[in-house]
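# Working through the structure, step by step
If you want the building blocks of each chain, they are given just below.
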Amino acid sequence: MQSVKSAPNVSFFTPKQPILGKFVKCLDDSESASKDHTAPLLFTPLTIRSMTIPNRITVSPMCTYSSNDSIPTTFHTVHYGSLAMRGPGLLITECVSVCESGKVTCNDLGLWNDEMAKQHYSKIVEFAHSQNCKIGVQLGQFHDQEKVLPIESWSKQQIIDTIKEWGEVAKRATSIAQYDFIEIQASHGHIIDQFVSPLLNHRTDDYNGELQDRMKFLLQLIDEIRDNIPEKVPLFIRLPDCDKSEKKEALTQDETIKICHEMAKHGVDVVDFVCVNPGSLKLNSHQPKLQFLKKLKQSLKDNKQSLIIGSPSKISNASQAEETLQSGVEDIIVIGSEFLRNPALVTEFADQQGIEVTQPVQYSWGFYPTEKYLEPSNIASK
């Protein structure tokens, strides 16, 4: 009886996989194939610290509100597993709360103790790693001022304790759950935004006032996380580009660019922007997403700084994704709901670009594995 090569370092059998979603070749008979037989930018590898991904396609965090007492279930194995085995460059979990009071709903995932972290590994991370998928966890702390003490009432010790808690959770996420990277959730409604936004921060001490004071909590939290995770582990942050308000004191895009410069100094590698759609509002100095990201990129270049930039978008085909990358304003393509409609979106984008990418071995061998998938000892005994 012949056996298939097994993926290493996992507690169950699954075939050993190649790096999924990796460029193999151009299809010569395709009209969209590259004339020089090189990979399109969408399928060009990218290195972030020690982590190299085979393509620039990122599965965005998408809340599913499906935990059992804040712990992952079989649903999460199926949900994230179906995405991991189709070859995205990066896969980011839904927002996982760092504390019980920081959940949006009672069915949010949590990561505030070691047992939770073990369940994250066994229910989510282990399978993703068996597919050679790089998976990260988005950590958040939602701040509902009707249920939680407003930040203006926090003592300095409460701020210190909160920052320390984030560091402990980040350490647990990388050491026990074994996530490949961390994303900080700092968009509207979460605790960091309560400090950074001049509309929400009503403190009367050195955590409020000018921008450098309002961003102090954020930078201290970033430092704490970086101190608690290995240097090789990338750090992402999801950030709004501005406040959605016409008030003159609202956070502006120019201030957000200044925040990005400081975050780069403190060890952030990737900024995942949620850009405000102003609608009919006239926001102070507001520019559309494309113009804002161009301005940010130029500002980083002028200051000899580097951040990888992405932003959730409604991209639904490969030409849109490739055009976005070629413009230079984004380095990764962050996609959410399209992956819910089609978990095989990476393969579809490859088909649209006239290229072949690596697939899960079970989906490429047909009805019976060829010799390259079999254990050498069994091949020799044939």
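Quick summary incoming for the structure in this document.

So, how was this worked out
- Residues numbered from 1 in each chain as written.
- Predicted model: local features only at pLDDT ≥ 70, side-chain atom pairs only at ≥ 80, totals over all residues.
- Heavy atoms only, no water.
- Helix = DSSP H or I, 4+ residues; strand = E, 2+ residues; numbered from the N terminus.
- Rg over C-alpha atoms; globule rule 2.2 N^0.38 Å.
- Buried < 20%, exposed > 50% of the residue type's maximum accessible area, 1.4 Å probe, protein only.
- Contact = heavy atoms within 4.5 Å.
- Areas by Shrake-Rupley, 256 points an atom, 1.4 Å probe, with all protein chains shown as cover.
- Lys, Arg positive; Asp, Glu negative; His and termini not counted.
- Charge placed at Lys NZ, Arg CZ, Asp CG, Glu CD.
- Polar contact = N/O pair within 3.5 Å; in protein donor to acceptor, adjacent residues only side chain to side chain.
- Salt bridge = Lys/Arg side-chain N within 4 Å of Asp/Glu carboxyl O.
- Axes fitted to C-alpha atoms, helices over the stretch in contact; angles between N-to-C directions.
- Parallel < 35°, antiparallel > 145°, perpendicular 65-115°, else oblique.
- Left-handed = near helix turned anticlockwise from the far one by under 90°.
- Nonpolar A, V, L, I, M, F, W, Y, C, P; charged D, E, K, R; others polar.
- Core = buried A, V, L, I, M, F, W, Y, C linked by side-chain atoms within 4.5 Å.
- Phe/Tyr/Trp six-rings, centres within 6.5 Å; stacked < 30°, edge-to-face > 60°.
- Lys NZ or Arg CZ within 6 Å of the ring centre and 35° of its normal.

## A look at the overall build of the protein chain
Across its full length, the protein chain holds 12 helices and 14 strands. On C-alpha atoms alone, the protein chain measures out to a radius of gyration of 22 Å, which is about the 21 Å that the 2.2 N^0.38 rule sets for 382 residues. Dimensions along the principal axes, computed over C-alpha positions, put the protein chain at roughly 80 × 50 × 35 Å. Residues classed as buried in the protein chain amount to 53% of the 382 residues present. Contacts in the protein chain between residues far apart in sequence, at least 24 positions, make up 73% of those at least 6 positions apart. For the protein chain, the computed accessible surface area is about 17,200 Å², with 50% contributed by carbon and sulfur atoms. If you average the places of the 39 positive and of the 48 negative side-chain charges in the protein chain, the two averages end up 3 Å apart.

## Remarks on the side chain of Thr 93
When you line up the elements, Thr 93 lands in strand 5 (residues 90-97). Separated by 3.3 Å, the side chain of Thr 93 and the backbone nitrogen of Gln 138 make a polar contact. Every residue in contact with Thr 93, bar those within four places of it in the chain, is listed here: Pro 61, Tyr 80, Ile 135, Gly 136, Val 137, Gln 138 and Tyr 179.

## Describing the pattern of salt bridges
As enumerated under the stated definition, the model contains 13 salt bridges in all. Its salt-bridge partner being Asp 272, residue Arg 238 comes within 2.9 Å of it at the nearest N-O pair. Taken together, the residues Arg 238 in strand 9 (residues 235-240) and Asp 272 in strand 10 (residues 270-274) connect sequence positions 34 residues apart. Residue Arg 238 shares its accessibility class with Asp 272, and that shared class is buried. Notably, a salt bridge pairs Glu 262 with Lys 265, separated by 3.1 Å at the nearest N-O pair. Placement of both Glu 262 and Lys 265 in helix 7 (residues 253-265) is noted, with a separation of 3 residues, approximately one turn of the helix. Via salt bridges that share partners, Arg 49, Arg 226 and Asp 269 belong to a single interconnected network.

## Things to note about helix 11 (residues 345-352)
All buried positions along helix 11 are accounted for by Leu 345, Val 346, Thr 347, Phe 349 and Ala 350. As for helix 11, its buried residues are in contact with strand 4 (57-59), helix 9 (318-327), strand 13 (333-335), helix 10 (337-341) and strand 14 (355-357). Two residues or fewer past helix 11, Gly 354 is found with a positive phi of approximately 70°.

## Overview of the packing of helix 7 against helix 8 (residues 289-302)
Packing of helix 7 against helix 8 leaves a shortest axis separation of 10 Å and a crossing angle of 40°. Considered as vectors, helix 7 and helix 8 are oriented oblique to each other. For the element pair helix 7 and helix 8, the recorded crossing hand is right-handed. Residues Gln 253, Asp 254, Thr 256, Ile 257, Cys 260 and His 261 of helix 7 lie in contact with helix 8, whose contacting residues are Phe 292, Lys 295, Leu 296, Ser 299 and Leu 300. For the contact of helix 7 with helix 8, the per-class residue count stands at 5 nonpolar, 4 polar and 2 charged.

## Considering unusual backbone geometry
Of note in this structure, Asp 69 is not a glycine but carries a positive phi near 55°. Mapped onto the elements of the fold, Asp 69 is located in the loop between strand 4 and helix 1 (74-84).

## Thoughts on the nonpolar core
Counting residues in each nonpolar core, the largest one holds 83 residues, and the members touching the most others are Leu 139, Met 263, Val 271 and Phe 349. The contact partners of Val 271, leaving out residues within four places of it in the chain, are Ile 237, Leu 239, Cys 260, Met 263, Leu 307, Ile 308, Ile 309 and Gly 310.

## Things to note about the environment of Pro 54
Along the chain, Pro 54 turns up in the loop between strand 3 (51-53) and strand 4. Overall, Pro 54 belongs to the buried group, its relative accessible area being 11%. Separated by 31 residues in sequence, Pro 54 and Phe 23 place their C-alpha atoms 7.5 Å apart. With residues near it in sequence (within four places) discarded, Pro 54 still touches Ile 19, Leu 20, Gly 21, Lys 22, Phe 43, Thr 44, Pro 45 and Gly 89.

## Considering the packing of aromatic side chains
Across all of its chains, the model carries 7 aromatic pairs by this definition. Plain terms: the ring middles of Phe 195 and Phe 217 are 4.1 Å apart, the flat faces sit at 5° to each other, and that makes the pair stacked. Taken together, the residues span a long stretch of sequence, with Phe 195 in helix 4 (residues 191-196) and Phe 217 in helix 6 (residues 216-228) at a distance of 22 residues. Taking the relative accessible area as the measure of exposure, Phe 217 reaches 0% and is therefore buried. Relative to Phe 292, the ring of Phe 273 has its centre 5.3 Å away and its plane inclined at 85°; by these criteria the two rings are edge-to-face. Remark: Phe 292 occurs in helix 8 and Phe 273 occurs in strand 10; sequence separation between them is 19 residues. Accessibility assignment for this pair places Phe 273 and Phe 292 in one class, buried. Linked through ring pairs, Trp 154, Phe 195, Tyr 207 and Phe 217 together constitute an aromatic cluster. Cation over ring: Lys 216 sits above Tyr 207, and NZ or CZ is 5.4 Å from the ring centre.

Everything listed is a geometric property; what it means functionally is a separate question.
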